[in-house]
Amino acid sequence: QFPALEAKLLSEKDAQLAELKEWGAEWATENPDRAADTDMELRINWLTVADVPRFLSLTIDEWSYTGGAHGNWGRGSLIWNKQTSAKLAPIAMFSSKEAFDKVVQTPFCDKLDIERSKKRDGEKVDRSQTDDWMQACPKPSELTVILGSSNGRTFNRLAIYAGIYSVGPYVEGDYEIDLPVNAKLIAAVKPAYRSYFTPSPTGSKKL
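Peer 1: Kindly report on the sheet that holds strand E5 (residues 144-148), identifying the contributing residues and their values.
Peer 2: Spatially, the three strands line up as an open sheet ordered E5-E6-E7, and their pairing is antiparallel. Looking at strand neighbours, the two that pair on one side only are E5 and strand E7 (175-180), the edges of this open sheet. Strand-to-strand twist of the sheet, defined as the mean angle between neighbouring strand axes without regard to direction, takes the value 25°. Both strand E6 (residues 157-162) and E7 contribute to a ladder of six bridges, which runs antiparallel. Note that in E7 the partner of Ile160 across the bridge is Ile177. Against the sheet, helix H3 (residues 97-119) engages E5, E6 and E7, with an angle of about 135° to E7.

Spelled out as C-alpha coordinates, the structure:
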(Lines give C-alpha, C1' and ligand atoms only; values in the text may rest on other atoms or scores of the structure.)
Protein backbone atom coordinates (compact mmCIF):
# COMPACT_ATOMS: atom_id res chain seq x y z
CA GLN A 1 0.00 0.00 0.00
CA PHE A 2 2.93 2.33 0.73
CA PRO A 3 5.81 1.24 -1.54
CA ALA A 4 8.04 4.21 -0.64
CA LEU A 5 7.75 3.37 3.06
CA GLU A 6 8.39 -0.31 2.42
CA ALA A 7 11.46 0.48 0.34
CA LYS A 8 12.86 2.80 3.02
CA LEU A 9 12.34 0.31 5.84
CA LEU A 10 13.84 -2.56 3.86
CA SER A 11 16.82 -0.39 2.93
CA GLU A 12 17.39 0.44 6.58
CA LYS A 13 17.11 -3.24 7.51
CA ASP A 14 19.67 -4.21 4.87
CA ALA A 15 22.04 -1.53 6.17
CA GLN A 16 21.69 -2.82 9.73
CA LEU A 17 22.25 -6.39 8.59
CA ALA A 18 25.36 -5.41 6.65
CA GLU A 19 26.68 -3.58 9.71
CA LEU A 20 26.02 -6.61 11.90
CA LYS A 21 27.82 -8.91 9.45
CA GLU A 22 30.81 -6.56 9.33
CA TRP A 23 30.93 -6.38 13.11
CA GLY A 24 30.56 -10.18 13.31
CA ALA A 25 33.44 -10.74 10.93
CA GLU A 26 35.68 -8.46 13.02
CA TRP A 27 34.58 -10.18 16.22
CA ALA A 28 35.29 -13.65 14.74
CA THR A 29 38.77 -12.54 13.73
CA GLU A 30 39.46 -11.31 17.25
CA ASN A 31 37.86 -14.37 18.93
CA PRO A 32 38.67 -17.37 16.68
CA ASP A 33 38.29 -19.87 19.53
CA ARG A 34 34.65 -18.84 20.10
CA ALA A 35 33.56 -17.91 16.59
CA ALA A 36 32.48 -21.38 15.51
CA ASP A 37 30.05 -21.66 18.45
CA THR A 38 28.54 -18.17 18.20
CA ASP A 39 25.70 -17.24 15.86
CA MET A 40 25.01 -13.60 15.08
CA GLU A 41 21.32 -12.83 14.77
CA LEU A 42 19.13 -9.83 13.95
CA ARG A 43 15.34 -9.70 14.02
CA ILE A 44 13.28 -6.67 13.03
CA ASN A 45 9.51 -6.38 13.30
CA TRP A 46 7.46 -3.41 12.10
CA LEU A 47 4.01 -2.85 13.57
CA THR A 48 1.37 -0.30 12.59
CA VAL A 49 0.21 1.35 15.80
CA ALA A 50 -2.15 3.89 14.21
CA ASP A 51 -3.47 4.65 10.75
CA VAL A 52 -5.11 8.07 10.59
CA PRO A 53 -6.06 9.95 7.40
CA ARG A 54 -2.72 11.67 6.82
CA PHE A 55 -0.28 9.63 8.92
CA LEU A 56 0.85 6.16 9.84
CA SER A 57 2.41 5.57 13.25
CA LEU A 58 4.74 2.59 13.41
CA THR A 59 6.96 0.88 15.96
CA ILE A 60 10.12 -0.98 15.07
CA ASP A 61 11.13 -3.80 17.42
CA GLU A 62 14.69 -5.08 17.10
CA TRP A 63 16.34 -8.07 18.73
CA SER A 64 19.98 -8.89 18.16
CA TYR A 65 22.57 -11.32 19.44
CA THR A 66 26.22 -10.63 18.82
CA GLY A 67 27.80 -12.97 21.33
CA GLY A 68 27.94 -12.81 25.09
CA ALA A 69 25.52 -13.90 27.78
CA HIS A 70 22.31 -12.65 26.20
CA GLY A 71 20.71 -10.83 23.31
CA ASN A 72 19.59 -7.22 23.30
CA TRP A 73 16.37 -5.64 22.17
CA GLY A 74 14.78 -2.25 21.77
CA ARG A 75 11.91 -0.34 20.22
CA GLY A 76 11.89 2.63 17.90
CA SER A 77 9.04 4.55 16.35
CA LEU A 78 8.28 6.72 13.35
CA ILE A 79 5.52 8.69 11.70
CA TRP A 80 4.95 8.29 7.96
CA ASN A 81 3.33 11.19 6.12
CA LYS A 82 1.12 9.50 3.53
CA GLN A 83 0.67 12.71 1.55
CA THR A 84 4.34 13.55 1.11
CA SER A 85 5.86 10.04 1.46
CA ALA A 86 8.19 11.37 4.12
CA LYS A 87 9.30 9.97 7.47
CA LEU A 88 9.53 11.98 10.67
CA ALA A 89 10.12 11.30 14.33
CA PRO A 90 7.05 11.62 16.55
CA ILE A 91 8.82 14.21 18.71
CA ALA A 92 9.19 16.37 15.57
CA MET A 93 5.43 16.94 15.64
CA PHE A 94 5.86 19.02 18.80
CA SER A 95 7.03 22.62 18.94
CA SER A 96 10.19 21.59 20.78
CA LYS A 97 11.60 18.85 22.96
CA GLU A 98 11.50 21.27 25.87
CA ALA A 99 7.79 21.98 25.36
CA PHE A 100 7.05 18.26 25.21
CA ASP A 101 9.07 17.49 28.34
CA LYS A 102 7.45 20.35 30.27
CA VAL A 103 4.06 18.67 29.87
CA VAL A 104 5.09 15.02 30.06
CA GLN A 105 8.07 14.84 32.45
CA THR A 106 6.29 14.70 35.81
CA PRO A 107 3.48 12.24 34.95
CA PHE A 108 5.95 10.04 33.06
CA CYS A 109 8.43 9.94 35.94
CA ASP A 110 5.69 9.31 38.50
CA LYS A 111 4.38 6.30 36.57
CA LEU A 112 7.88 5.05 35.73
CA ASP A 113 8.90 5.10 39.39
CA ILE A 114 5.82 3.08 40.35
CA GLU A 115 6.73 0.43 37.77
CA ARG A 116 10.41 0.43 38.75
CA SER A 117 9.45 0.02 42.39
CA LYS A 118 7.27 -3.00 41.52
CA LYS A 119 10.20 -4.68 39.77
CA ARG A 120 12.43 -3.90 42.74
CA ASP A 121 10.20 -5.64 45.28
CA GLY A 122 8.74 -2.41 46.59
CA GLU A 123 12.01 -0.51 46.96
CA LYS A 124 11.38 3.22 46.78
CA VAL A 125 12.89 5.02 43.80
CA ASP A 126 14.52 8.35 44.62
CA ARG A 127 14.85 10.25 41.36
CA SER A 128 16.43 13.20 43.15
CA GLN A 129 19.63 11.17 42.86
CA THR A 130 20.31 12.52 39.40
CA ASP A 131 23.82 11.06 39.30
CA ASP A 132 22.46 7.50 39.69
CA TRP A 133 20.99 6.31 36.38
CA MET A 134 18.96 3.60 38.16
CA GLN A 135 17.23 6.25 40.28
CA ALA A 136 17.17 9.25 37.95
CA CYS A 137 14.41 9.84 35.42
CA PRO A 138 15.47 10.71 31.86
CA LYS A 139 13.78 13.29 29.70
CA PRO A 140 10.87 11.65 27.84
CA SER A 141 11.90 13.39 24.61
CA GLU A 142 15.18 11.42 24.69
CA LEU A 143 13.32 8.10 24.79
CA THR A 144 10.99 6.49 22.22
CA VAL A 145 7.75 8.46 21.79
CA ILE A 146 4.85 6.41 20.39
CA LEU A 147 1.63 7.98 19.10
CA GLY A 148 -1.53 5.91 18.84
CA SER A 149 -5.19 6.29 17.98
CA SER A 150 -8.33 4.66 19.32
CA ASN A 151 -10.65 6.23 16.75
CA GLY A 152 -8.72 5.90 13.46
CA ARG A 153 -8.99 9.66 12.86
CA THR A 154 -6.65 11.42 15.28
CA PHE A 155 -3.77 10.74 17.62
CA ASN A 156 -5.29 10.43 21.07
CA ARG A 157 -2.92 7.96 22.74
CA LEU A 158 0.68 8.41 23.88
CA ALA A 159 3.31 6.04 25.21
CA ILE A 160 6.94 6.53 26.21
CA TYR A 161 9.23 3.53 25.78
CA ALA A 162 12.40 3.16 27.87
CA GLY A 163 14.63 0.36 26.65
CA ILE A 164 16.92 -1.96 28.59
CA TYR A 165 19.73 -0.24 30.49
CA SER A 166 18.09 3.19 30.10
CA VAL A 167 16.38 3.37 33.52
CA GLY A 168 17.40 0.13 35.20
CA PRO A 169 19.57 -3.00 34.94
CA TYR A 170 19.14 -5.65 32.26
CA VAL A 171 17.15 -7.91 34.58
CA GLU A 172 14.38 -5.28 34.80
CA GLY A 173 13.89 -5.34 31.05
CA ASP A 174 12.17 -2.43 29.33
CA TYR A 175 9.32 -0.13 30.28
CA GLU A 176 6.42 1.31 28.29
CA ILE A 177 4.51 4.05 30.07
CA ASP A 178 1.09 5.14 28.78
CA LEU A 179 0.10 8.76 29.27
CA PRO A 180 -3.02 10.77 28.41
CA VAL A 181 -3.25 13.14 25.48
CA ASN A 182 -4.72 16.25 27.07
CA ALA A 183 -5.15 19.94 26.28
CA LYS A 184 -1.68 20.83 27.59
CA LEU A 185 -0.02 18.23 25.39
CA ILE A 186 -2.01 19.29 22.33
CA ALA A 187 -0.95 22.90 22.96
CA ALA A 188 2.68 21.74 22.68
CA VAL A 189 2.05 20.29 19.20
CA LYS A 190 3.17 22.36 16.23
CA PRO A 191 0.20 24.27 14.76
CA ALA A 192 0.55 22.43 11.44
CA TYR A 193 -0.16 19.11 13.18
CA ARG A 194 -2.47 20.18 16.00
CA SER A 195 -5.70 19.28 14.20
CA TYR A 196 -4.54 15.65 14.06
CA PHE A 197 -4.60 15.37 17.87
CA THR A 198 -7.58 15.04 20.19
CA PRO A 199 -7.81 14.26 23.93
CA SER A 200 -7.69 10.67 25.10
CA PRO A 201 -11.09 9.14 25.76
CA THR A 202 -11.88 8.44 29.39
CA GLY A 203 -10.72 4.97 30.41
CA SER A 204 -8.75 4.39 27.21
CA LYS A 205 -6.75 1.18 27.04
CA LYS A 206 -3.00 0.91 26.76
CA LEU A 207 -1.25 1.12 23.40
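Peer 1: How would you sum up the pattern of salt bridges? Please name residues and give values.
Peer 2: One pass over the structure, following the stated rule, counts 10 salt bridges. A salt bridge links Asp61 to Arg75, with the nearest nitrogen and oxygen atoms 2.5 Å apart. Here Arg75 lies in strand E3 (residues 72-81) and Asp61 lies in strand E2 (residues 55-65), a separation of 14 residues in the sequence. Accessibility expressed as a relative area gives 22% for Asp61, which makes it partly exposed. Overall, Arg75 belongs to the partly exposed group, its relative accessible area being 25%.

Peer 1: Can you tell me about the environment of Ser128, naming the residues and giving the values?
Peer 2: As for its position among the elements, Ser128 is in the loop between H3 and E5. Assessed through its relative accessible area of 56%, Ser128 is described here as exposed. Of the polar contacts made by the side chain of Ser128, one reaches the side chain of Asp126; its length is 2.5 Å.

Peer 1: Go over the sheet that holds E2, please, and point to the residues and values.
Peer 2: As summarised here, the arrangement of the four strands in space is E1-E2-E3-E4, forming an open sheet in which the pairing is antiparallel. Single-partner strands in this sheet number two, and they are strand E1 (41-51) and strand E4 (86-88). For this sheet the average axis-to-axis angle between neighbouring strands, irrespective of direction, equals 30°. Sheet analysis places E3 next to E4, joined by three bridges and oriented antiparallel. Note that in E4 the partner of Ile79 across the bridge is Leu88. This element, helix H1 (residues 3-30), spans E1, E2, E3 and E4 of the sheet and lies at about 155° to E1.

About the cut-offs
- Residues numbered from 1 in each chain as written.
- Predicted model: local features only at pLDDT ≥ 70, side-chain atom pairs only at ≥ 80, totals over all residues.
- Heavy atoms only, no water.
- Pairing = 2+ DSSP bridges.
- Helix = DSSP H or I, 4+ residues; strand = E, 2+ residues; numbered from the N terminus.
- Axes fitted to C-alpha atoms, helices over the stretch in contact; angles between N-to-C directions.
- Contact = heavy atoms within 4.5 Å.
- Salt bridge = Lys/Arg side-chain N within 4 Å of Asp/Glu carboxyl O.
- Buried < 20%, exposed > 50% of the residue type's maximum accessible area, 1.4 Å probe, protein only.
- Polar contact = N/O pair within 3.5 Å; in protein donor to acceptor, adjacent residues only side chain to side chain.

Function cannot be inferred from these measures alone, as they are strictly geometric.
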